[in-house]
Amino acid sequence: MEQYAIKGGNPLVGEVEIGGAKNAALAILAAAAMTDETVIIENVPDLRDTVVMLKAMESIGIRVERCGRHTVKINSGAVSNLVIEDDGIKKIRASYYFLGALLGKYKKAEVALPGGCNIGLRPIDQHIKGFRALGADVRIEHGLIITEAGQLRGSHIYLDVVTVGATINVMMAAVMAEGQTIIENAAKEPHVVDVANFLNSMGASIKGAGTDVVRIRGVQKLHGTEYTIIPDQIEAGTFMFAAAVTKGDVTVKNVIPKHLESISAKLIEIGCEVEESDDAVRVVAAKPLTHTHVKTLPYPGFPTDMQPQITVALGLSRGTSIVTESIFENRFKYVDELTRMGASIKVESNTAIIDGVPKYTGASLTAPDLRAGAALVTAALAAEGVSTIDDIKFIERGYEDFPQKLQSLGAQIEKINTERELRKFRLKTG
Ligand code: UD1
């Protein structure tokens, strides 16, 4: 079974290039199905989830051509059917973006119910509410969500919770609806803005993305475009916290510092120095870390996808810290793994109470989901001795070349397959 073997203790030092945003890319790929003309998308991260999206697109007749590792050319002029249900797609959350994209363009879509990380109940009632408000019929049959409409008409939609997925999905469905759609209580995440910018570059008329009211004026059709995806806020944040826990000095390059402000602010609070330049952020962890409190919130608040990473850091910070998870109800499963490394963390409902310990020790760990998996890697990099991490398929869903990037910063990490390789790793790393 594939694992990461990690020998902790080396401070991470150097520069690392951040890739395109996974959560923007997944929606933008689906949105590329909304024009018959050719679309070229750059800075697409090469991840399990993006590969799954592209395969699903090919399964309905969309032509996908890779031009280099991070550029794809997509032509959806010959879509042959509107049913997306291949095995891969059932496992990822973003499959739901095909509903909004295909409903918007073809007024019909059938997509397997979404999977994704098991971090709590993940309903899609707000997506369905939005589609219905636009005049679509939505039903679930044989594991598929089926949505269709004779005609989509603009509507005034108030989302009951701030949801990234529903904001983007309803925006896509409304782009070619008749008249104006207003989405209130919209999510403001950078990837919502990126998808809106992409659609606008195809001829859509979307205003207000990045605020909590998004206005969409329906257009007849969309045209081809060339577009570059924004850098990944969470990949960057993960490396920034990896610098903090290893007492390192890391510069994340090719980022938008504004998107990282809530992350930078917490790093400063716990004792790191953070220097911003135009498209890079440097984190220096020269002093011992100190405690703080944090609550996950929709953007511009502290992202839920960074919650495990900050918990790992607070586990090594002097004093008592409190982490409150307000987005997903089952996002502390990794705490058991951290406890086996020596952390002192008590979880009560959606809150973790953390008493900082001076060090973690290496252990055999299992990644429970994508972000928690990455956070356990950072814990292992900070720990004394060797750790192994199982179920790295989760981590590979969201981090391109993770071991290689960490190695370039001086980490001792390798992907291994056998006991023999683990023994070799132990010998090599002393
Ligand atoms: C997306 C991201 C995920 C990130 C999350 C929050 C993708 C593929 N995944 O997930 O990495 O952690 O945003 O930033 O982009 N909710 C409802 N009804 C709905 C939709 C959501 O109640 O119809 C609730 C969810 O249960 C959750 C909250 O709203 O409590 C936010 O969910 P949402 O922003 O939609 O997250 P996802 O799209 O699932």
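The rules behind the values
Residues numbered from 1 in each chain as written. Predicted model: local features only at pLDDT ≥ 70, side-chain atom pairs only at ≥ 80, totals over all residues. Heavy atoms only, no water. Helix = DSSP H or I, 4+ residues; strand = E, 2+ residues; numbered from the N terminus. Rg over C-alpha atoms; globule rule 2.2 N^0.38 Å. Buried < 20%, exposed > 50% of the residue type's maximum accessible area, 1.4 Å probe, protein only. Contact = heavy atoms within 4.5 Å. Areas by Shrake-Rupley, 256 points an atom, 1.4 Å probe, with all protein chains shown as cover. Lys, Arg positive; Asp, Glu negative; His and termini not counted. Charge placed at Lys NZ, Arg CZ, Asp CG, Glu CD. Pairing = 2+ DSSP bridges. Axes fitted to C-alpha atoms, helices over the stretch in contact; angles between N-to-C directions. Right-handed = clockwise from strand over helix to strand, strands pointing away. Near = heavy atom within 4 Å. Polar contact = N/O pair within 3.5 Å; in protein donor to acceptor, adjacent residues only side chain to side chain.

Visitor: Outline the overall build of the chain, supporting the account with residue identities and numerical values.
Guide: The helix and strand tally for the chain stands at 14 helices and 24 strands. For the chain, the C-alpha radius of gyration of 22 Å lies close to 22 Å, the compact-globule estimate for 430 residues. The 430 residues of the chain split such that 57% are buried. Considering only residue pairs separated by 6 or more positions, the chain has 72% of its internal contacts joining residues 24 or more positions apart. By element, 49% of the accessible surface of the chain is carried by carbon and sulfur atoms, the whole surface being about 16500 Å². The chain carries 47 positive and 52 negative side-chain charges, and their two centres are separated by 2 Å.

Visitor: So, the sheet that holds strand S13 (residues 213–217): which residues are in play, and what are the values?
Guide: Adjacent strands of a sheet pair through backbone hydrogen bonds, lying either parallel or antiparallel. Read from one edge of the open sheet, four strands run S10-S11-S13-S12, paired in mixed fashion. A single partner strand is all that each edge strand has here, and the edge strands are strand S10 (156–158) and strand S12 (205–207). The average undirected angle you get between the axes of adjacent strands in this sheet is 15°.

Visitor: Account for the pairing of strand S7 (residues 108–112), naming residues and giving values.
Guide: Among the five residues that make up S7, four are buried, leaving the element largely enclosed by the rest of the structure. In the sheet, strand S6 (residues 83–84) pairs with S7 via two bridges, with the strands oriented parallel. Among the inter-strand pairings, Ile-84 is bridged to a residue of S7, identified as Val-111. Taken together, S6, helix H3 (residues 97–106) and S7 form a β-α-β motif whose crossover is right-handed.

Visitor: Got a sec to walk through the sheet that holds strand S22 (residues 364–366)? Specific residues and values, please.
Guide: Taken together, the four strands give an open sheet; going across it, the order is S22-S23-S1-S24, and neighbouring strands pair in mixed fashion. At either margin of the open sheet sits one strand with a lone partner, and together these are S22 and strand S24 (412–416). Strand-to-strand twist in this sheet, taken as the mean axis angle between neighbours without regard to direction, amounts to 20°. Note: strand S1 (residues 3–7) against S24, five bridges, orientation antiparallel.

Visitor: Outline the site of the ligand, listing residues and values.
Guide: What surrounds the ligand is a group of 20 residues, the closest being Tyr-96, Asp-125, Gln-126, Asp-305 and Ile-327. Here an oxygen atom of the ligand and a backbone polar atom of Gln-126 are 2.7 Å apart. Burial of the ligand by the surrounding chains reaches 89%, relative to a free accessible area of 730 Å². Looking at the shell around the ligand element by element, the count peaks at three residues for helix H4 (residues 125–133).

Read these as layout, nothing more, since geometry by itself doesn't imply function.
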